Structure formats: C-alpha cells, structure tokens
Amino acid sequence: MFRTAVRNVLAHKARLLMTVLAVMLGVAFVSGTLVFTDTLGNAFRNQSTKNYDRVAVAVTTWAERGDEETPAVDEATLAKIRALDGVAEATGRVSGFAGVADPDGKLIGNGWSNTGSNFSPGAGGKDAQYAFTEGTGPVKAGQVALDKETARKGEYRVGDPVRVATNGPVKEYTLSGVFTTEDGAVNAGGSLVLFDTEVAQRLYLRPGQFTDVTVTAAAGASDQRLLDAVKPLLPEAAEARTGAALAAEEAEQTENGLKNLNQLLLAFAAIALFVGVFLIANTFTMLVAQRTKELALMRAVGASRRQVKWAVLSEAGVVGLIASVIGLLLGVGLATGLRSAMGAFGGKIPAGPLVVSPTAVVSAFAVGILITVFAAWLPARRAAKIPPVAAMSSVHAVASTKSLVLRNSVGGVLTLLGSAAIVLGSSQGADGKVVIGVGAFFALTGVIVLIPLLSRPVIALVRPLLRKLFGVSGKLAAQNAVRNPRRTGATASALAIGLTLVTGISVLGVTLGQAVDKTTTDNIRADYMVSMASGDSLDESALAALRKADGVTAASPQRATWLTLGEAGVSASAVTPGEVEKVFALKTVSGSLSSLKDGEMAVDRKTAASHGWKTGDSVPVTFLDDKKETLKVGALYEGNEFLSPVLVSEKVIAPHESLAEIREVWLTMDGGRSAANEQALVDALGDNPAMSIMDRQGIRDMFGGFVNTAMNIMYGLLAMALVIAVLGVVNTLAMSVFERQQEIGMLRAIGLDRRRVKRMIRLEAVVISLFGAVVGVALGMFLGWAIGEALSSSVPEYALVIPWGRIALFLALAGLVGVLASLWPARSGAKLNMLTAIKTE
Amino acid sequence: MTTTAVHRTTAVAARATELSKVYGQGETQVVALDRVTVDFPQGEFTAIMGPSGSGKSTLMHCVAGLDSFSSGSVRIGETELGTLKDKQLTQLRRDKIGFIFQAFNLLPTLSALENITLPMDIAGRKPDAAWLQKVIDMVGLSDRLGHRPTELSGGQQQRVAVARALASQPEIIFGDEPTGNLDSRSGAEVLGFLRNSVRELGQTVVMVTHDPVAASYADRVLFLADGAVVDQMMHPTADGVLDRMKAFDAKGRTS
C-alpha cells in the first residue's frame, strides 16, 4: 500500500508541488519557531549560569538615592562579610542610569539600557567581573571606563574625554579603560559606564554605602552555609540569595518570556497551516476526481471502500512526510537566519549552539503529516464513495454537484450566530472580548462554509464589467471562476482568512493611532516635553535651567505624588499654578484653575463625581509623610490623559516631600516648535545626552509608536499565511488549466489567440483573489469595528477610523496576487498543443 | 441528384499542393503526409477516409491551420498558410474556418446560443441575426437555446456544434469524425444538416471519417493510405465505399 502511495505521489509530482510547498512552509514556520526559541533559551540559560557561576551569595538592599529610609550595606558591614569564614571576596556595588554621549552629543543606546556602576578592584587591583582590553579601571574621581561596544560606537580611545550624564547635570570624564564583561544587559546591547567607587556612591546612593553585594566563596565553602552566615549581618529589608538560586530564577524568567514569544509565533504558524488545509483539500479533491475511473476499477476488482480511502490517505501521508522533511530543514535554516538577523538589528544574543530538540523534530513531522492527512480526509471519503460502476461509464469526472443546501444552511446559521455574538460582545465593553473572539471564530467558519454560495452572486456582479472591459476573455473568466464553487470557495477562503486578520488589525491599529493623535493634540498645548531618556525623574537643576532657557514662555513640571483624600488614595500631579493651563489644554468645568495658586486643588470631573465632591468642598488630605491638612476643591476639570486626576500646586507638596519626582517638564516657547528653540533647550540643559526633548510629534510617537510596531510585526507574521494563500491560487489555476485542456484547445482552434487565452486565465485568478479579498476585508472591518467598540470605553478619544487607503491597497495587492499567481498557469495554458488538447482520450 | 453540386462551382475553397508532413529525423523518421495535392472546391462536401495511420486526420489538421507542415503549400481561399504566424493563423481560423469535433467540445458554462455565437464573440462581431436564425432553424434548436450543454443529449450537443461552425459563415468547415460519438440516428441527423448546408447554403465541408455510411453523405470521398491520396469516389454510396475500403484492406494484407 505504501509503495503504491509513493508511486502515485511520484506520478503526480507537478500537481502536488504546491501542496508540498504549502505544507513545507507551515512546517518550517513551526519548527523554525521551536528551534529558535530553544536555541535562545539555551543561550540565555548558559548566560545566566555563567553570570552567577562565581557568585556564591548575592545581596540586594533596594536602597536608592534620595530614599533615606531603606538601609543599604555600609563599608563596615562589607568588611564583616569579607571577614567571614569561607569568603574569598565580597564586592559592593552601586548602580543606576549613566548615559554616554557620542561625539555629536547624542545618547548611545536607548535610555533604559544605559547603566553605570562602580569599579571595585580586589586585592590584585582587578575587578573579576570586568576584563580590560585597553587601559585600566577608573580609580580617580575624573575617570570612567566603558564597555567595548559603547567605546566603539562613540569612537572613544583611552585618554579621550567622555561626556557622561547621570541623573544630575552632565559631566566630562577621562576614559581610563575599555572592558568586556559577561553582564547580561551589556550582552543584550546596553551600555555600561564604570566609575570609581566613591564617585558611583555619590551619584547613585550615599558615600560609603552599597546597594548590592556579591560574595564569592573560597575553595570548599558551601554557598548555603555562606548565605546563612551573611544573612544576620544584613539590614532588615535586604535580600540575600545564593548564585545558583538567582541563576535559576533568571533562567525561569527567560523561559517565561520565550514561552510567550513561542506561543505568539506558533499562533501565526497555526493560521498559516490552517490556510494550507484549503489548498491541500483542493489538490486531493482534484486528484480523486481525475482518478475516478481508476479508483472505481479498484473497487470493481474487489478493493473495499476502506482500502480506497486508505489509499488516498496514505498518499497524503507520503506528501506530508516529504514536505515535513524539507520543512524541518528549512525551519532550522530559518532559526539560524533569525538569530543572525536579530544580531544585525542590535539585539545581541549570547552565543551558543543551535538546539534542535526532539520535540521540534517530532512536532515538525506530526504537524506536517497530520495536517496533510486531515485535509485529505474529505476527498478520501469521497473517493471511497465512488461506485464500482463508474469504471464502466465513459462520463467525465464531473465536479461534485451534490447540493449545497445542507452546507449553506450550516454556514448561514454559523455566520448569523457568530455575527450576533460579535455585535453583542462589542456592546459589553472590555468584558466583551471573549464573546467577540468566540463570535469571530464562528463567523469566520460560517463565511468559509458559505463562500461557495457567495461566489456566484458576488462574481456575477462583476461579470458585466469584465465582459465590457475584456470582451470574451472576461466573460469566460467570470464564468470559469464560478464553475467549481467549492474549489473557488476553498481558494478564496485561504485569502479571505489572511485578509480578515490583516484588515482587522489595520482598522484597530489606525483607529488607536488616531485616538493617540487626537489625545495628544487635544490635551497638550506645550511645544516641548523634557524628560529623562531612562525614564527616571528629572533633577531639580534641570527644571531651574529650563525655566531660565531662552524663549521659554511657560513651564510647568509634573511631579508625581500620592494623596489620600478622605479614605481614597489618588495619584496627584504637582504643577506650577498659572503655567499649567498654558502647557496643557485644560477644560474647566466649574471653579477656576487660578485657585491652585491659593493652595486649593483641582479635580478631574469623573473622579470628583465618583467621590461626590463639588467646587468649594473641603476634603481632608493625608500626605506621604502622614501629615494631615484640609484642602478646598477650587476647580473641576475635564480629564487630561497626561495628568493625574488631582492637581495641586508644587508649593502644597513641598513641605511634605522634599523630592517629589519630576516626571516631565512641559514648556511653551516663543515662536513654537523650531530648531532654534530646541537648541536653546539643549543648551540650557548643558547638552545633556540623557535628556529627551520631544515635540508634539515625538510625544505622539512615544505613546502611539507601539501601535505601529505591533501592526508591522503582525503584518510580517501574517505574511506566511498570505504566501500560502497565493500558492493556493496558483494551485487552483494550474488545476483548472489542466482540467480544461480540451476546452482551451477548442477555443484556440476556433480562433481565440494565445494572448486572450492568457488573459482569460489571468482574469479568472484576479476574480478569485479579489473575491476572497473582498470577503476578508468585509469581515475584517466588521471585526475591527466590534473589537474597537469593546475597547472604546478604555481608549480616550476613541473614534472608528476605516483606513480606506490601506484597504484599497490590500485589494490592489490581492489583484496583483491574482496576476502573479496566474503567470505560470496562464503560460502553460497558452502554450497547450491544440491537437493533443482537442483529441479525445 | 449530386451532379449539380460538383459542377455548380469552379472556385476552390482550400487547396493543398505537394503537402508533406514528416515527424522525427533519420532512422525514426515517420512520413505522415507524402506530397499530397488535393483541392476542396467551394460548395462541395468532401469526406476523407482511410485506415488508422493513413494520415487523414493530419491532412485535415494541416489544411485547417491547426498543425504545421514540413513542405508544400496550403491555401485557404487566397491565403497561403505556410507563411502565417500563430496570431494570423488564429485569426484565419476564427474568421474563415468552422470546426466540428468528435467530442462536441462545447463550453459547459455557456448556453447553447452563447456556444453558437462564440466565434463571433471572440472576433467581437455581431452575428447576422437573419443568418443565425436560419442556421438555428435548420438544426432545430430553437427551443433549446437557453440550455447548457449538460442539459442536452449528445445529438443535440453536436447540433449546437454544427450551428456554431455554420453561424460565422466560414469559407470552409472541417469535421473531425463528427458522428464518432453519436448513435446512428443522431449521426444521420448531423450528417443531414451538413449535407443541407452544402446544398442549400452553398457551404464547403470537409469531413474525416472512418464510417462508410457517413462518407456516403458526401459528394466525393478521398481515400488516403500511407500519407498519400490513393483514390477518390464521386457520388459515393455506403456499399461502394465499403467495397473500396475492403479492397484496400485486402491489398494491405497481401502486401
């Protein structure tokens, strides 16, 4: 049986080509994902183990600069730890943000991966954590060392002056050395600046104190024993763990992160494979139809239905097997390529061997073979139903003309139920997501089931147009496209699925992007927003400098704080009265914002309503230092996305919190946004690379950029499904041309020239592709609308935007797909030998 | 009853001169047509007969512009086929030639009427309504025009094919075993239409067949053997043709 299957597969090589390609791509996606994440996981695990290899005990205190309450580890404690039995060395560390400017004054790195720490030489004058390739570690106040990659990016050599920004003003240091390290953050592309310990302590904590301590064990000492010995020496809030425990924890975090990546990628692989199912089913349906006589003969000479069914299924199995082998190899290649691609984009991945786990191999084969056999199941059943008498009749294998009534009823019910669920879900706000998801699944399934029925009326609509534009080729193409509704349906479904998702994502993405745009323009009056690239709070000196900068007409910081109003804890923004309304578009509902000056507070309308506060009410307030006061509600304002729901003057907060964090400083300037104004701000800040100065577009990108990124990633991941759908169109056309050889030969004989034969086939492809695209786009818009409605309550300024431009582009691309997919079938159709084509079998 | 037809016209609808068709080269060379010279006068119904492999289909294919030939010349009306490019050949077939195939070869997606007017559709011409009606009446399809081929019997389908060949008023119609797939009654009907089209409409018809009865409908029968015209018979009868064929067979067996 297996041998027959192999022979049959070989006999139909050309016709199975697209099937093999489709399964292969799906399998490659799956195995590529698994190999890639396994390889990554392994590399990161090794990295973690290496990082903590020498660490016996690691101590963290969570102490911070400006936070006087959390105790750190001081020199004395460190000395005690050093003196413990079995301790080879104990290194104290302080760390925080440190941004390095490149020669143009721009920050090297992205803000959140720029760290600074202290160089802590041991007995031999070396810090075991860092291997210097040039120069030495910083041991004086004016010195720093840089990691090799950062030094390279900034083109710095030992002895060069380097401008380094920490949370205070920017300072110039002399480069004492360049080092390499196993540090995970540096390996992932971050920058690391090493300071002399005293300097680092002053910058990040307090003189003579450390936030972290790393203990290495002397030969023969047990980590656990050391841990038990270190613990009693530490301040209360500190946490100490063995290196092994930390490595395990880090590995687990990596694992979880990769698991999410894995699931995301596999979900898209599943979509691609699902699309492939239609293609495979089409192919086997055709192979069975073409071999009706042969199969009937098998039945006539005594093969059972079961045997016929298994004959077809084992053929599918062989196809799946072949495709899986190639797909697996391709997947391994894909994983390798992906790893180097990530390296090229700056996301450095620790080196390590390629890991092809047994799971990946088994999954590749299981997926490839099962999908193919599953898709061939219906055709196989149909093959088994061929009566033996079919061997005797000379009738051509006609496309299954079995009534579509049952199919259409099922499809109709599914579509209606699904749509109803989607509409219901859309009205339920955030809770409706699950309902919409289930509804979407049913609606999509329903539409796929209904597509053969839909194909006739929809394509009939364009028939007059085709006829008018392309004459007889157009007319014949439109008719051929609906000739075998099941096949057309399956082909169009594949495209429809892809386009449903792409359109849905586009509608949502563009709608959300627009909402962000509107939020930005509606809420902000400021020309510029200044913040730390690291996301830390701004130094007071920066605020003072900005206020004095040339051309600044209004400036208000936003200091984040927390107030307990009555019983309820509320986040609040401390701002500058008189300036705040110039940098934010605040709509006063009642009272006046000028009351902020008098120490009253302004409350967001919704927050006030939920607590029952009105203008003029007095509310008891507890500050962060537990002091109590009574504040009067001076104004109610319409909520602003960039501010907390309660506003107070800076002066109200000052006595209670000496260092209320400055999240941002908002500025309006004389002449608005201009290069000169921006330069004035840069100059005022002392050309500090750690400061980010954003105009309104920058703010919009910061908040809305992720929407675009997410949209692009999803487009990329859906590309595979679309490629398979295109293969499906090629497949269908090739099959159609093959089945209609005689017809095409006749058309050629009675005078249809090659060009028009080609055009006829091409138009058929375009019609099928566009049909699938239109169905997909319609469903996608519906889904996008529904999900958007469900989200609308949580998205400010939500208003549905249908990206017509993009949708037109998708449809144009679908048409192009049709043209491209038909290149080969149309050529072979036009090249048909008339005489052999006309000749009866 | 057939004399008038032969002498009525003198013009030639199609002519093959020293026509040869050779497949392969050297040892494996097969000569399908060996310097055949033959005229198909206008308004005549010619049947081409001969045993399998005699070259009768090849002759028709070459004269009809469906197949290329190795040497010699073929003319349809005034047009020499040998020099034409594929595009021009296609146009020639479209405008000047009608075809009737053994396997009907109708488009299943088109109605009977649409199938009949397909050649004009391809040419982008409007069919001559009066002529079309005449043809449709002749083949007796008036009440079947809206039907799809699958809803028609074999005989009806071939009548549609005959109407398609006639509808564009070609200079010549070629039939390749047009009754091969039909029962004898439907076959007789189709042959009757072809003969009528010659008698009443002045059409020229060339038909390849191996059926002596079918051949007896023609004005003239050409006999081919081994790629050459070996004999012809005017005003054939079925018995006469059969006898002649038997003679060839006997000759073939003894030689």
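Residues numbered from 1 in each chain as written. Chains lettered and ligands numbered in written order. Predicted model: local features only at pLDDT ≥ 70, side-chain atom pairs only at ≥ 80, totals over all residues.

**Considerations on the overall build of chain A**
Then, number 1: Summing up its helical and strand segments, chain A has 26 helices and 24 strands in all.
Then, number 2: Reported as C-alpha extents along the three principal axes, the dimensions of chain A are approximately 100 × 75 × 50 Å.
Then, number 3: A fraction of 83% describes how many contacts in chain A between residues 6 or more apart in sequence connect residues 24 or more apart. (Helix = DSSP H or I, 4+ residues; strand = E, 2+ residues; numbered from the N terminus. Contact = placed C-beta atoms within 7 Å.)

**Quick notes on the overall build of chain B**
Then, number 1: When helices and strands are tallied, chain B shows 9 helices and 10 strands.
Then, number 2: Against the globule reference of 18 Å for 255 residues, chain B gives a C-alpha radius of gyration of 18 Å, in line with a compact fold.
Then, number 3: For chain B, with 255 residues in total, the buried portion stands at 46%.
Then, number 4: Taking the intrachain contacts of chain B between residues at least 6 apart in sequence as the baseline, contacts between residues at least 24 apart amount to 70%. (Rg over C-alpha atoms; globule rule 2.2 N^0.38 Å. Buried ≥ 20, exposed ≤ 12 C-beta atoms within 10 Å, placed from the backbone.)

**Some points on the environment of Met691(A)**
Residue and element names in this part refer to chain A.
Then, number 1: By the element assignment, Met691 lies in strand S24 (residues 691-695).
Then, number 2: In this structure Met691 comes out as buried when scored by C-beta crowding, with 27 C-beta atoms within 10 Å.
Then, number 3: Here the alpha-carbon distance between Met691 and Gly343, two residues 348 residues apart in the chain, equals 27 Å.
Then, number 4: If we skip the residues at most four places from it in the chain, Met691 touches Val530, Met532, Ala533, Ala542 and Leu685.

**Let's talk about unusual backbone geometry**
Residues and elements named next belong to chain B.
Then, number 1: Residues other than glycine seldom take positive phi values, yet Asn105 does so here, at roughly 55°.
Then, number 2: Accessibility expressed as a C-beta count within 10 Å gives 25 for Asn105, which makes it buried.
Then, number 3: A positive phi angle is found at Glu177, which is not glycine, with a value near 50°.
Then, number 4: Within the secondary structure, Glu177 is located in the loop between strand S7 (172-176) and helix H7 (184-201).
Then, number 5: Since 21 C-beta atoms lie within 10 Å of it, Glu177 is described here as buried.

**Focus on helix H25 (residues 823-831) of chain A**
All names here are of chain A.
Then, number 1: Listing the buried residues of H25 in full gives Pro825, Ala826, Gly829 and Ala830. Projected down its long axis, H25 shows its buried positions confined to an angular sector of 130°, all on one face.
Then, number 2: Next to the buried residues of H25 lie helix H21 (696-739), helix H22 (741-749) and helix H23 (754-791). (Arc of directions from axis to C-beta.)

**Observations concerning the sheet that holds strand S4 (residues 71-76) of chain B**
Residues and elements named next belong to chain B.
Then, number 1: Spatial ordering of the open sheet is given by S2-S1-S4-S5, a layout of 4 strands whose pairing is antiparallel. Among the strands making up the open sheet, the edge pair consists of strand S2 (30-41) and strand S5 (79-80).
Then, number 2: In terms of strand pairing, S4 meets S5 through 2 bridges, oriented antiparallel. Residue pairing in the sheet places Ile76 in a bridge with Thr79 of S5. (Pairing = 2+ DSSP bridges.)

**Some details on the interface of chain B and chain A**
Then, number 1: Contact residues are listed per partner, giving 22 residues for chain B and 19 residues for chain A.
Then, number 2: Taken together, the elements giving at least two residues each to the side of chain B that touches chain A come down to helix H3 (86-96) and helix H4 (112-123) of chain B.
Then, number 3: Per-element tally for the side of chain B that touches chain A: the top contributor is H3(B), with 6 residues.
Then, number 4: Across the side of chain B that touches chain A, the residue classes tally to 9 nonpolar, 7 polar and 6 charged. (Nonpolar A, V, L, I, M, F, W, Y, C, P; charged D, E, K, R; others polar.)

**Description of the nonpolar core**
Residues and elements named next belong to chain A.
Then, number 1: Ranked by internal contacts, the top residues of the largest apolar core, which has 221 residues, are Ala272 and Ile724.
Then, number 2: The residues contacting Ile724, other than those within four sequence positions of it, are Ala22, Leu25, Gly26, Ala272, Val275, Gly276, Leu279 and Ala494.
Then, number 3: Val55, Leu78, Met669 and Leu681 belong to the second largest nonpolar core, which has 106 residues in total. (Core = buried A, V, L, I, M, F, W, Y, C linked by C-beta atoms within 7 Å.)

**Considering the pairing of S7(B)**
Residue and element names in this part refer to chain B.
Then, number 1: With 5 of 5 residues buried, S7 is to be regarded as a mostly interior element.
Then, number 2: Both faces of S7 are covered, namely the face carrying Ile172, Phe174 and Asp176 and the face carrying Ile173 and Gly175.
Then, number 3: Where strand S6 (residues 97-100) lies against S7, 4 bridges are found, and the strand directions are parallel. In the strand pairing of S7, Ile97 is matched with Ile172.
Then, number 4: By the bridge criterion, 4 bridges tie S7 to strand S8 (residues 205-208) in an arrangement that is parallel. Bridge pairing links Ile173 to Val205 in S8.
Then, number 5: Between the parallel elements S7 and S8, the chain passes through H7 in a crossover that is right-handed. (Right-handed = clockwise from strand over helix to strand, strands pointing away.)

**Let's talk about the sheet that holds strand S3 (residues 87-93) of chain A**
Residue and element names in this part refer to chain A.
Then, number 1: Here 4 strands make up an open sheet; going across it, the order is S3-S13-S1-S14 and the pairing antiparallel. Strand pairing shows two members of the sheet lacking a second neighbour, S3 and strand S14 (239-242), which therefore form its edges. Each adjacent strand pair in this sheet contributes to an overall mean axis angle of 15°, direction not counted.
Then, number 2: Examined bridge by bridge, strand S1 (residues 57-60) and S14 share 4 bridges and lie antiparallel to one another. Note on S14: the bridge partner recorded for Thr60 is Glu239.
Then, number 3: Sheet strands in contact with helix H3 (residues 75-83) are S3 and strand S13 (212-217), and its direction is about 160° off that of S3.
Then, number 4: Where helix H8 (residues 243-290) meets the sheet, it contacts S1 and S14, and its direction lies at approximately 90° from that of S14. (Axes fitted to C-alpha atoms, helices over the stretch in contact; angles between N-to-C directions.)

**Remarks on the environment of Asp160(A)**
Residue and element names in this part refer to chain A.
Then, number 1: When you line up the elements, Asp160 lands in the loop between helix H4 (148-154) and strand S9 (161-165).
Then, number 2: For Asp160, a count of 14 C-beta atoms within 10 Å puts it in the partly exposed group.
Then, number 3: Along the primary structure Asp160 and Gly772 are separated by 612 residues, whereas in three dimensions their C-alpha atoms are 63 Å apart.

**Concerning the packing of H8(A) against helix H11 (residues 358-375) of chain A**
Residue and element names in this part refer to chain A.
Then, number 1: Direction vectors running N to C along H8 and H11 enclose 45°, while the axes themselves pass 8 Å from each other. Comparing their axes, H11 and H8 come out oblique. When the axes of H8 and H11 are compared, the crossing they make is right-handed. From H8, Leu273, Gly276, Val277, Ile280 and Ala281 reach across to H11, where they touch Val367, Ile371, Thr372, Phe374 and Ala375.
Then, number 2: Classifying every residue of the contact of H8 with H11 by side-chain character gives 8 nonpolar, 2 polar and no charged. (Parallel < 35°, antiparallel > 145°, perpendicular 65-115°, else oblique. Left-handed = near helix turned anticlockwise from the far one by under 90°.)

**So, the confidence of the model for chain A**
All names here are of chain A.
Then, number 1: Looking at chain A as a whole, its pLDDT mean stands at 86, while 97% of the residues score no less than 70.
Then, number 2: Mean pLDDT per element in chain A: helix H5 (residues 184-187) is the minimum at 74, and strand S8 (residues 143-147) is the maximum at 93.
Then, number 3: In the predicted structure, residues 394-399 sits below a pLDDT of 50 and forms 5 contacts with residues beyond four places in sequence or in another chain. (pLDDT = per-residue confidence, 0-100.)

**Here we look at the packing of helix H15 (residues 485-523) of chain A against H21(A)**
Residue and element names in this part refer to chain A.
Then, number 1: Packing of H15 against H21 leaves a shortest axis separation of 9 Å and a crossing angle of 175°. For the element pair H15 / H21, the angle class is roughly antiparallel.
Then, number 2: Its residues placed into classes, the contact of H15 with H21 shows 20 nonpolar, 9 polar and 4 charged.

**A look at the pairing of strand S9 (residues 220-225) of chain B**
All names here are of chain B.
Then, number 1: In terms of burial, S9 is largely enclosed, as 5 of its 6 residues are buried.
Then, number 2: Strand direction decides the pairing type here: strand S3 (residues 45-49) and S9, joined by 4 bridges, are parallel. Within the sheet, the bridge partner assigned to Thr46 lies in S9 and is Arg220.
Then, number 3: Sheet topology note: the S9/strand S10 (residues 228-234) ladder contains 6 bridges and is antiparallel. Bridging from a neighbouring strand, Leu222 pairs with Gln232 of S10.
Then, number 4: Linking two consecutive strands that pair antiparallel, namely S9 and S10, is a turn of 2 residues; a positive phi of about 50° is found at Asp226 within it.

**Section: the environment of Phe248(B)**
All names here are of chain B.
Then, number 1: Locating Phe248 in the fold gives a position in helix H9 (residues 238-254).
Then, number 2: Residue Phe248 is classed as partly exposed on the basis of its C-beta count, with 18 C-beta atoms lying within 10 Å.
Then, number 3: Discounting chain neighbours no more than four positions away, the residues touching Phe248 are Pro51, Phe223 and Ala225.

**Things to note about the confidence of the model for chain B**
Residues and elements named next belong to chain B.
Then, number 1: In the predicted model, chain B carries a mean pLDDT of 86, and 94% of its residues have values of at least 70.
Then, number 2: Scored below 50 in pLDDT, residues 1-9 makes 14 contacts in the model with residues more than four places away or belonging to other chains.
Then, number 3: Predicted complex metrics record ipTM = 0.83 and pTM = 0.79.

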